[in-house]
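The lines below spell out each chain.
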Amino acid sequence: MMKEIKNGDKSFSKLFDIIEEIARSRSGLKGREIAERTGLPVSTTFRMLKFLVENGYLRSASSTYTLGLGIARLGNIAASQNPLLKISRPLLAELSAKTMETVHLAELKDHQIRYVDKVEGVRSVRMGSLIGNYSPLFCTGIGKAILAFLDPEELENEIRKIEWKPYTETTHRTAPALLRDLAEIRKRGYAVDNCEHEIGVYCLAAPILDYSGHAIAGISISGSELYLKNRTGELAALVKHAAAKISEEYCG
């Protein structure tokens, strides 16, 4: 049974902000860092941290807070209850095993992509694609694969929301450039992220489509530019095949 937190605070929603901030970090956060990032008073932050640690949702070691087993348990339950995750997980694992690269599943959420699942490859490279993390639509493989297969009105709305931040030298800077790319993606059925979001990280992605051909999610193969760029044709065929199988099983 969950232990009670002393009431009087109207900011219980900040509990989730704390969890999200820790999830976005690579190696956990100190209490004062969490207070600064969430805008909570330090005393309130530590009270909430104590509550989350006592209930197993966080761990504390050397004054650093990381996610606990309670979060992992909820994640496993969520995966078992999500039909898209259940269908896609074995296909993602198979795709990673065939290519030796990292494979992602992501969905459109709040004008960004949110990573839903990830299978690490043998040649894994450092990326910011933790499960639950967000990345831009306009400069990621999955983001562009999803954009290319949205309804015109929905696509127009998403493009209006883009902040054209130049992450790397190859990032699209304008809507016309992105639209030309999306037209090519629709023709060939897959997207290429040519190190547009992270330097040295190359990605091939394909959309997961519903009955009407509308993108509901996407999958990608990501890895070092050195290993992937010369295998674009081979890897594109594999990611398209896996995405089509997920689409068929999910909609069936």
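The written sequence of each chain sets the order in which its residues are numbered from 1. With the structure being a predicted model, the display of local features is reserved for residues of pLDDT at least 70 and the display and counting of side-chain atom pairs for 80 or more, all residues being used for whole-chain, interface and lining totals. Note that water and hydrogens are dropped before the side-chain values are worked out from all heavy atoms of the structure.

*Asks:* Could you give an account of the overall build of the protein chain, with specific residues and numbers?
*Replies:* Scanning the protein chain for helices and strands turns up 10 helices and nine strands. Radius of gyration means the value over C-alpha atoms here, while the globule rule gives 2.2 Å times the residue count to the 0.38 power. Computed over the C-alpha atoms, the radius of gyration of the protein chain is 20 Å, within 12% of the 18 Å expected from 2.2 N^0.38 for a compact globule of 252 residues. If one aligns the C-alpha atoms of the protein chain with their principal axes, the spans along those axes are about 55 × 35 × 35 Å. Throughout, exposure labels follow a simple rule: accessible area from a 1.4 Å probe, protein chains only, divided by the maximum for the residue type, with under 20% read as buried, over 50% as exposed, and the rest as partly exposed. Considering the protein chain as a whole, with its 252 residues, one finds that 47% of them fall into the buried category. Whether two residues touch is decided by their heavy atoms; if any such pair falls within 4.5 Å, the residues are in contact. Taking as baseline every contact in the protein chain between residues at least 6 positions apart, the subset at least 24 positions apart corresponds to 58%. In this description, accessible areas are obtained by the Shrake-Rupley approach with a 1.4 Å probe, and a residue is regarded as covered only by the protein chains that are shown. When the accessible surface of the protein chain is summed, it comes to about 13300 Å², and 53% of that surface belongs to carbon and sulfur atoms. Note that His is not counted, nor are the chain ends; the positive residues are Lys and Arg, and the negative ones are Asp and Glu. Where a charge lies is defined by one atom per residue type: Lys uses NZ, Arg uses CZ, Asp uses CG and Glu uses CD. Charge separation in the protein chain, taken as the distance between the mean sites of 34 positive and 31 negative side-chain charges, equals 5 Å. Each helix is a run of DSSP H or I of at least 4 residues and each strand a run of E of at least 2, with the numbering of both proceeding from the N terminus.

*Asks:* Just give me the short version of the sheet that holds strand β7 (residues 191-194), but keep the residues and values in it.
*Replies:* The pairing of strands in a sheet comes from backbone hydrogen bonds and takes either a parallel or an antiparallel form. DSSP calls a pair of strands paired once it identifies at least 2 bridges connecting them. Taken together, the six strands give an open sheet; going across it, the order is β6-β5-β4-β9-β8-β7, and neighbouring strands pair in antiparallel fashion. One side of each edge strand has no neighbouring strand; the edge strands of this open sheet are β6 (134-135) and β7.

*Asks:* Describe the pairing of β7, naming the residues involved and giving the relevant values.
*Replies:* Inspection of the sheet shows β7 paired to strand β8 (residues 201-209) by four bridges, in the antiparallel sense. By the bridge assignment, aspartate 193 is partnered in β8 with cysteine 203. Counted along the chain from β7 to the antiparallel partner β8, the turn is six residues long, and its residue cysteine 195 has a positive phi close to 60°.

*Asks:* So what's going on with the side chain of threonine 45? Residues and values would help.
*Replies:* Of note, threonine 45 is situated in helix α3 (residues 42-54). Dropping the residues within four chain positions of it, threonine 45 is found in contact with Gly31, Ile34, Ala35, Thr38 and Leu40.

*Asks:* I'd like to hear about the sheet that holds strand β2 (residues 58-61), residue by residue, with values.
*Replies:* Spatial ordering of the open sheet is given by β1-β3-β2, a layout of three strands whose pairing is antiparallel. In the strand order of this sheet, the two ends are held by β1 (29-30) and β2, each with one partner. Judged from the two bridges that link them, β1 and strand β3 (residues 64-67) form a sheet pairing that is antiparallel. Within the sheet, the bridge partner assigned to leucine 29 lies in β3 and is tyrosine 65. For helices, the fitted axis covers only the stretch in contact; all axes are lines through C-alpha atoms, and the angles between them, taken along N-to-C directions, range from 0 to 180 degrees. Helix-sheet contacts for α3 involve β2 and β3, and the interaxial angle to β2 is about 110°.

*Asks:* For α3, give the residues involved together with the corresponding values.
*Replies:* For α3, built from 13 residues, the straight-helix expectation of 18 Å at 1.5 Å per residue is met to within 8% by its first-to-last C-alpha distance of 18 Å. Where α3 terminates, the next one or two residues include glycine 56, which has phi positive at roughly 85°. A helix's residues, less one, multiplied by 1.5 Å, set its expected span.

*Asks:* I'd like a description of the environment of valine 119, backed by residues and values.
*Replies:* Turning to its location among the elements, valine 119 is positioned in strand β5 (residues 112-119). Considering only alpha carbons, one finds valine 119 and isoleucine 208, 89 residues apart in sequence, at a separation of 17 Å. Residues contacting valine 119, with those up to four places away along its chain left out, are Arg89, Leu92, Ala93, Ser96, Glu101, Thr102 and Val103.

*Asks:* So, the packing of aromatic side chains: which residues are in play, and what are the values?
*Replies:* Stacked, tilted and edge-to-face are the three classes applied to pairs of Phe, Tyr and Trp rings, where Trp contributes its six-membered ring and a pair requires centres within 6.5 Å; stacked means planes under 30 degrees apart, edge-to-face means over 60, and tilted covers the rest. Inspection of every chain in the model, using the stated rule, returns two aromatic pairs. Centre to centre, the rings of phenylalanine 138 and tryptophan 164 are 5.2 Å apart; their planes meet at 65°, and the pair counts as edge-to-face. Taken as a pair, phenylalanine 138 in the loop between β6 and α6 (141-148) and tryptophan 164 in the loop between α7 (152-160) and α8 (175-188) lie far apart in primary sequence, 26 residues in all. The class for tryptophan 164 is partly exposed, based on a relative accessible area of 27%. With 6.3 Å between their ring centres and 45° between their planes, phenylalanine 138 and tyrosine 167 make a pair best called tilted. Of this pair, phenylalanine 138 sits in the loop between β6 and α6 while tyrosine 167 is found in the loop between α7 and α8, placing the two residues 29 residues apart along the sequence. Each member of the aromatic cluster is reached from another via a ring pair, and the members are Phe138, Trp164 and Tyr167. Over a ring means this: the NZ of a Lys or the CZ of an Arg is within 6 Å of the ring centre and within 35 degrees of the ring normal. Over the ring of tyrosine 190 we find arginine 188; its NZ or CZ atom is 4.8 Å from the centre of that ring.

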